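Summary of the model geometry
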Amino acid sequence: MLKDAGLVRARRVGTRHVYEVEQAGLDDLRTYLEAFWDTALADFKAAAERQLRGGDVSSTETAIDPVVKTATLDCPIGHAFDVYTAGIASWWPLESHSIGERGAVSVVMEGRVDGRMYETDAAGTEHVWGRVSVWEPPHRLVIAWRVNPEAPAATEIDIRFTALSDRVTRIDLEHRGWERLGVERGAAARAEYGSDHGWTVVFGCYLAAIAGKRDGPPSPG
């Protein structure tokens, strides 16, 4: 099981099987656990602070409204999901929405739970934006979003696809969890992503890709 999970590697020495730690696998596991605990501890901190102020722990007084985008797509649900995931490099606006901006050359989404979403630059360096926490093709995708590794926690992007007919699909995108960053930092981040220069641009590029490639397969990522 550990070998299948990529945590150890095996080699044969005579009649023996020698197992050794796979450092890359452990590094990925550590990254995942750190992101998980950062989010959990941020939520715990917010709840504890509300209780100290005399509020109900279940109160939503510090909650920040999510960024929501919805559209009806003239394509089958499977195509809508594939363009957003496997074909993301064909439409994501890297020149304006990336770490490297003009130096960024591609974006990749690994199609599995704990798969990475990352950009690559001309030198081949990878910059991770987030990790897939829910992978349910072709209906749902959730990403723990943490472009800035120094952020106190990850926010969450929940994307749902609903088949309205064989040829029509609705997409609902919700970017939430801003309060995990703290009230001031979370409000500022929410304002940036909710502006005309945030999700409006990215979501518009996706809709344009769907309209332009309605009957064909997504471009390879």
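Report follows, based on the coordinates. (Residues numbered from 1 in each chain as written. Predicted model: local features only at pLDDT ≥ 70, side-chain atom pairs only at ≥ 80, totals over all residues. Heavy atoms only, no water.)

1. Notes on the overall build of the chain
The secondary structure content of the chain amounts to 4 helices and 9 strands. From first element to last, N terminus to C terminus, the chain shows the α and β order β-β-α-β-α-β-β-β-β-β-β-α-α. Buried positions account for 36% of the 221 residues belonging to the chain. A fraction of 49% describes how many contacts in the chain between residues 6 or more apart in sequence connect residues 24 or more apart. (Helix = DSSP H or I, 4+ residues; strand = E, 2+ residues; numbered from the N terminus. Buried < 20%, exposed > 50% of the residue type's maximum accessible area, 1.4 Å probe, protein only. Contact = heavy atoms within 4.5 Å.)

2. A few points about the sheet that holds strand β7 (residues 140–145)
Read from one edge of the open sheet, 7 strands run β3-β9-β8-β7-β6-β5-β4, paired in antiparallel fashion. Two strands bound the open sheet, and with one partner strand each, they are β3 (67–73) and β4 (104–109). In this sheet, neighbouring strand axes are inclined to one another by 20 degrees on average, regardless of whether the strands run parallel or antiparallel. The sheet contact formed by strand β5 (residues 116–121) and strand β6 (residues 126–136) spans 5 bridges and is antiparallel. Of the residues in β6, the one forming a bridge with Met117 is Gly130. Contacts between helix α2 (residues 77–84) and the sheet are confined to β3, β4, β6, β7, β8 (155–163) and β9 (169–176), with β8 contributing the most and set at about 155 degrees to the helix. (Pairing = 2+ DSSP bridges. Axes fitted to C-alpha atoms, helices over the stretch in contact; angles between N-to-C directions.)

3. A word on the nonpolar core
Taken as a class, soluble globular proteins show a tendency for nonpolar side chains to be buried jointly. By size, the foremost hydrophobic cluster in this structure holds 38 residues, and its most contacted members are Tyr84, Trp91, Trp92, Met117, Phe161, Ile171 and Tyr206. For this core, the secondary-structure elements that each account for two or more residues are β3, α2, β4, β6, β7, β8, β9 and α4 (199–212). The residues contacting Phe161, other than those within four sequence positions of it, are Ile77, Ala80, Phe81, Tyr84, Pro138, His139, Thr169, Arg170, Ile171 and Tyr206. (Core = buried A, V, L, I, M, F, W, Y, C linked by side-chain atoms within 4.5 Å.)

4. Some words on empty space enclosed by the protein
A full pass over the atoms with the stated rule returns 1 cavity of 30 Å³ or more. Within this model, the largest cavity holds a volume of roughly 30 Å³. As for the largest cavity, its lining consists of Tyr84, Trp92, Met117, Ile143, Trp145, Ile157, Ile159 and Trp199. Residue assignment for the lining of the largest cavity shows that the elements contributing at least two residues are β7 and β8. Per-class residue counts for the lining of the largest cavity are 8 nonpolar, no polar and no charged. (1 Å grid on protein atoms, 1.4 Å probe; cavity = no way out; pocket = protein on both sides within 12 Å on 5 of 7 lines; lining within 4 Å. Points joined across faces, edges and corners; volume = space filled by probe spheres on them. Nonpolar A, V, L, I, M, F, W, Y, C, P; charged D, E, K, R; others polar.)

5. Some points on the layout of surface pockets
The calculated volume of the largest pocket comes to roughly 650 Å³. For the largest pocket, the lining is made up of 24 residues, of which Trp145, Val147, Asn148, Glu192 and Tyr193 are closest to its centre. Elements that contribute at least two residues to the lining of the largest pocket include exactly α3 (183–193) and α4.

6. A closer look at the environment of Thr120
Secondary-structure assignment places Thr120 in strand β5. Using a relative accessible area of 15% as the deciding quantity, one classes Thr120 as buried. In this structure the C-alpha to C-alpha distance between Thr120 and Val107, which are 13 residues apart in sequence, comes to 6.3 Å. If we ignore the near neighbours within four places in the chain, the residues touching Thr120 are Ala104, Val105, Ser106, Thr125 and Glu126.

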